[in-house]
Amino acid sequence: MLKVRVIPTILMNNFSVVKGVSFNSWRVVGTLLPLIKIYNRREVDELVLLDIAASNEKREPDYEIIKDISSECFVPLTVGGGISHIDHVTKLLRAGADKVCINSFAYINSSLITEVASLYGNQCVVVGIDALKLEDGSYECVRNSGTIKTGIKVDEWAKYVEEIGAGEIIITSIQNDGNMNGYDIELIKLVTEAVNIPVIASGGAGNFNHFYEAILEAKASAVAAASIFSFTQQTPKEVKDYLASKDIPVRNINIEKV
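Per an unreviewed UniProt entry, the chain carries the name Imidazole glycerol phosphate synthase subunit HisF and comes from Anaerobacillus alkaliphilus. According to the UniProt record, the Catalytic activity (unreviewed entry) comment for the chain is "5-[(5-phospho-1-deoxy-D-ribulos-1-ylimino)methylamino]-1-(5-phospho-beta-D-ribosyl)imidazole-4-carboxamide + L-glutamine = D-erythro-1-(imidazol-4-yl)glycerol 3-phosphate + 5-amino-1-(5-phospho-beta-D-ribosyl)imidazole-4-carboxamide + L-glutamate + H(+)". UniProt lists a comment for the chain under the heading Pathway (unreviewed entry), and it reads "Amino-acid biosynthesis; L-histidine biosynthesis; L-histidine from 5-phospho-alpha-D-ribose 1-diphosphate: step 5/9."

> Would you mind showing me how to read the overall build of the chain here?
Looking only at helices and strands, the chain has nine helices and 12 strands in total. The C-alpha radius of gyration of the chain comes to 17 Å, within 12% of the 18 Å expected for a compact globule of 258 residues. C-alpha atoms of the chain, sized along the principal axes, occupy 45 × 40 × 35 Å. Looking at the chain as a whole, 56% of its 258 residues qualify as buried. Taking as baseline every contact in the chain between residues at least 6 positions apart, the subset at least 24 positions apart corresponds to 67%. Counting every atom, the chain has about 11,300 Å² of accessible surface; 47% of that belongs to carbon and sulfur. Of the side-chain charges in the chain, 25 are positive and 32 negative, and the distance between the mean point of each set is 4 Å.

> Just to check I follow, could you spell out the layout of surface pockets for this structure?
The gaps left among the atoms become clear once a water-sized probe is rolled over them. Its boundaries defined by the atoms lining it, the largest pocket holds a volume of some 400 Å³. Residue composition of the lining of the largest pocket, grouped by class: 11 nonpolar, six polar and seven charged.

> Sorry, what's going on with empty space enclosed by the protein here?
Summed over all chains, the structure comprises three cavities of 30 Å³ or more. Estimates place the volume of the second largest cavity at around 50 Å³. Considering the residues around the second largest cavity, the lining is formed by 11 residues, among which T9, I10, V17, A226 and S230 are closest to the centre. Among the residues making up the lining of the second largest cavity, the classes are represented as eight nonpolar, two polar and one charged.

> I keep staring at the pairing of strand β11 (residues 199-202) and nothing clicks. Help me out?
Remark: a regular strand shows side chains that alternate across the two faces of the sheet. The two faces of β11 match: V199 and A201 on one face and I200 and S202 on the other face are all buried. The parallel pair strand β10 (residues 168-173) and β11 is bridged by helix α6 (residues 185-192), and the resulting crossover is right-handed. Strand direction decides the pairing type here: β11 and strand β12 (residues 222-225), joined by two bridges, are parallel. Bridge assignment links A201 to a residue of β12, and that residue is V223. Taken together, β11, helix α7 (residues 208-216) and β12 form a β-α-β motif whose crossover is right-handed.

> Before we go on, may I ask you to explain the nonpolar core in this structure?
In globular proteins that are soluble, nonpolar side chains generally tend to be buried together. By size, the foremost hydrophobic cluster in this structure holds 75 residues, and its most contacted members are I129, I171, Y183 and F211. Not counting chain neighbours up to four residues away, the residues in contact with I129 comprise N103, Y107, C141, V154, W157, A158, I169, I170, I171 and T172.

> I'm lost on the environment of S227 in this one. Help?
With respect to the secondary-structure elements, S227 resides in helix α8 (residues 227-231). The sequence separation of S227 and D177 amounts to 50 residues, and the corresponding C-alpha distance is 8.9 Å. Setting aside anything within four residues of it in sequence, one finds S227 in contact with K19, G178, M180 and T232.

> How should the pattern of salt bridges be read in this particular structure?
Oppositely charged side chains may form a pair once their charged atoms are brought near each other. Evaluation of the coordinates by the stated rule reveals 10 salt bridges. Residue R5 is joined to E168 by a salt bridge in which the shortest nitrogen-to-oxygen separation is 2.4 Å. Separated by 163 residues along the polypeptide, R5 in strand β1 (residues 5-13) and E168 in strand β10 bring together distant segments of the chain. On the basis of relative accessibility, which here comes to 7%, the residue R5 falls in the buried class. On the basis of relative accessibility, which here comes to 5%, the residue E168 falls in the buried class. For K99, the salt bridge identified is with E46, shortest N-O distance 3.4 Å. Note that K99 is positioned in strand β6 (residues 99-102) and E46 in the loop between α1 (32-40) and β4 (47-51), a separation of 53 residues in sequence. The same class applies to K99 as to E46, namely buried.

> Would you take a moment to explain helix α9 (residues 236-245) for this structure?
Every α-helical turn comprises 3.6 residues, leaving residues that sit three or four positions apart pointing alike. Residues of α9 that are buried: P236, V239, K240 and L243. For α9, the angular spread of buried residues about the axis comes to 95 degrees, placing them on one side. Buried residues along α9 sit in contact with β1, α1, α7 and α8. Looking one or two residues past α9, D247 carries a phi angle of roughly 65 degrees, positive in sign.

Rules used throughout
Residues numbered from 1 in each chain as written. Predicted model: local features only at pLDDT ≥ 70, side-chain atom pairs only at ≥ 80, totals over all residues. Heavy atoms only, no water. UniProt positions renumbered as here; feature names shortened; annotations may be inferred. Helix = DSSP H or I, 4+ residues; strand = E, 2+ residues; numbered from the N terminus. Rg over C-alpha atoms; globule rule 2.2 N^0.38 Å. Buried < 20%, exposed > 50% of the residue type's maximum accessible area, 1.4 Å probe, protein only. Contact = heavy atoms within 4.5 Å. Areas by Shrake-Rupley, 256 points an atom, 1.4 Å probe, with all protein chains shown as cover. Lys, Arg positive; Asp, Glu negative; His and termini not counted. Charge placed at Lys NZ, Arg CZ, Asp CG, Glu CD. 1 Å grid on protein atoms, 1.4 Å probe; cavity = no way out; pocket = protein on both sides within 12 Å on 5 of 7 lines; lining within 4 Å. Points joined across faces, edges and corners; volume = space filled by probe spheres on them. Nonpolar A, V, L, I, M, F, W, Y, C, P; charged D, E, K, R; others polar. Right-handed = clockwise from strand over helix to strand, strands pointing away. Pairing = 2+ DSSP bridges. Core = buried A, V, L, I, M, F, W, Y, C linked by side-chain atoms within 4.5 Å. Salt bridge = Lys/Arg side-chain N within 4 Å of Asp/Glu carboxyl O. Arc of directions from axis to C-beta.

Spelled out as structure tokens, the structure:
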């Protein structure tokens, strides 16, 4: 097994860090730059920063914000939100992002995934999939922060984006997001069994064992979370220590304390 990554997710609206439950009831929980500095000291493997308002507001990513925080971020940074053109990707990478996360616009023009992969490599392209569980037990992709249903099945979309150039997928359960009751193991497993690229589990982690279940049972390559790190005293380092105690290989990184 490759070493598992533990990845805090930061949801951004302007300079504010926000949190919600099931993609709703958003509230401000902090400011961006201080949180980046905290994570620098907590042995995270990567950070995922998503601007939840950009696509709905039909605006580009805020390159100045990314430039400001990337100078203080000492781990790989994935940035998403508002990406609809290859020029947006170029500007984000120049501002300091290491990868981009493409979600909503991929359903409108999926060739952007291929274009980014061709120009910058598959490792640069993370495709975000937000999933809604339907009454029949199947999962549908939704876009624009859960506001627009696509009619596309999650496993079919995952296979497709892999074929056209995605290097990684971050899969988020809308129903589980923010409730801290655990990942949707069935959903994650649906995606990991459909593709050969790394899959990041997202949405619902509330204790250390939830991370372990996503890796052991659903075969996630990485685990992402926000609420557990924002609303409890539990840290990414403690998650990694717990996983290591369960014989899950994790990354050990040494970052100069700032």
